[in-house]
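# Descriptive structure summary
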Amino acid sequence: MTAAQLISTIFLPLSLAIIMFGMGMTLIPADFTRIIKYPKAILIGLTNQLIILPIIGFSLAVAFDLNPIMAVGLMILATCPGGPTSNLITQICKGNIALSVTLTAIASIISVLTIPFILSYALAYFGSNTNIAIKLPILDTILQIMVITVIPISLGMLIRKFKTSFAKRMEKTMRIASTVIFILVFIAVLAANYKLIGTAMKEVGMVTLFLNLITMAIGYLTARLFKLDLKNSISITIESGIQNGTLAFVIATTILNNVEMGIPTGAYSIWMFITGGILMWQLSKRKNVESV
């Protein structure tokens, strides 16, 4: 197993599960019931992730006149919704964690159906000369969501319920720990993929930066346009602009059996960590974002 595979299959999922556990200690069931009663934020977030994001990805691929391999690689990335990393960034940015987790879970399940449909069209349109049928492992995808996100968060919420004072005392510590883990993961990703990153930034660095910035901007603007508060707007902004790079890379290298198609994901991962880090640095300073 290579260093990159070790990081993506063991270190990253384990780190995210630990972070989700700490995140769970900040949540109570009412956080989720409020979202269900007022579903506007979920509908806006899902529309951004599952409809607007692929349209932006396709438009950029055409506008930048990418070659077929890079164009399909960009579309792979644009079809993958936010993963657990977006939940981590949302927590540190003091967004609505329950909304972020809910969007990640729902979008990930729906994307099992949307990814094959959109990518089949992209492969045909850009003419990548492949007849591979795109079928995502539904059970494996759901299991990944359960193990990395749902179970750790549920355990954290149980501790919050039965050891409330302990959970509250640990909030600041877990936020600091999450930031440190985020930085370590970023460094590990850089170290493991340094050969790929140079090529990625040269070939699709600009287009992937635009994809990241445009999707986050649209996420924020649509949330504010529909009069969501800042806490919900932060969650939708991050969910719209922080994609599941691990899933995208698996689709490119395993399902489509084309490492080159993973190049846009390599470039995007760098921008994702940089812009996510900037948001964390700026928004984590805020004492209260509830009523802004």
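Counting from 1, residues in each chain are numbered in the order their sequence is written. Owing to the predicted nature of the model, reporting of local features is limited to residues with pLDDT of at least 70; listing and counting of side-chain atom pairs is limited to 80 or more, with chain, interface and lining totals taken over all residues. The side-chain values count all of the structure's non-hydrogen atoms but skip hydrogen atoms and water molecules.

This paragraph deals with the environment of P39. Helix and strand labels come from DSSP, where a helix needs a run of H or I of at least four residues and a strand needs a run of E of at least two; each type is numbered from the N terminus. When you line up the elements, P39 lands in the loop between α2 (29-37) and α3 (40-63). For the pair P39 and L99, spaced 60 residues apart in sequence, the C-alpha to C-alpha distance is 9.8 Å.

Before going further, it helps to spend a moment on helix α11 (residues 230-241). Between the first and last residue of a helix there are one fewer steps than residues, each counted as 1.5 Å, and that sum is the expected span. End to end, α11 covers 16 Å across twelve residues, agreeing with the expected 16 Å (1.5 Å per residue, within 8%). Only protein chains enter the area calculation, which uses a 1.4 Å probe; residues under 20% of their type maximum are buried, those over 50% are exposed, and those in between are partly exposed. Among the twelve residues that make up α11, eleven are buried, leaving the element largely enclosed by the rest of the structure. Of all the positions in α11, only L230, N232, S233, I234, S235, I236, T237, I238, E239, S240 and G241 are classed as buried. Nitrogen and oxygen atoms within 3.5 Å of one another constitute a polar contact, given that in protein one can donate a hydrogen and the other can accept it, and given that sequence-neighbouring residues count only through two side-chain atoms. Sitting at the amino-terminal end of α11 is D229, which places a side-chain oxygen 3.3 Å from the backbone nitrogen of K231.

pLDDT is a per-residue confidence score from the predictor, ranging from 0 to 100. For the protein chain, the average pLDDT comes to 79, and 80% of its residues sit at 70 or higher. The spread of mean pLDDT over the elements of the protein chain runs between helix α1 (residues 3-24), the lowest at 68, and α3, the highest at 93.

A separate point is the packing of aromatic side chains. Between the rings of Phe, Tyr and Trp (Trp by its six-membered ring), a pair exists once the centres lie within 6.5 Å; its type follows the angle of the planes, with under 30 degrees stacked, over 60 edge-to-face, and the other angles tilted. Tallied over the entire structure, the rule returns six aromatic pairs. Ring plane angle 65° and centroid distance 5.0 Å describe the contact between F58 and Y125, whose orientation is recorded as edge-to-face. Taken as a pair, F58 in helix α3 and Y125 in helix α6 (residues 97-126) lie far apart in primary sequence, 67 residues in all. A ring pair is formed by F64 and F210, whose centres lie 5.7 Å apart and whose planes are at 55°; its orientation type is tilted. Of this pair, F64 sits in the loop between α3 and α4 (68-79) while F210 sits in helix α10 (residues 194-225), and the two are 146 residues apart along the sequence. Taking relative accessible area as the criterion, F64 reaches 33% and is therefore assigned partly exposed. Distance and angle both matter: a charge sits over a ring if NZ of Lys or CZ of Arg is within 6 Å of the ring centre and within 35 degrees of the ring normal. The positively charged end of K161 is found above the aromatic ring belonging to F162, 5.8 Å away from the centroid.

In this model, K94 sits at a positive phi of 65°, which is unusual for a non-glycine residue. Positioned with a positive phi, K227 is a non-glycine residue whose angle comes to about 60°. With respect to the secondary-structure elements, K227 resides in the loop between α10 and α11.

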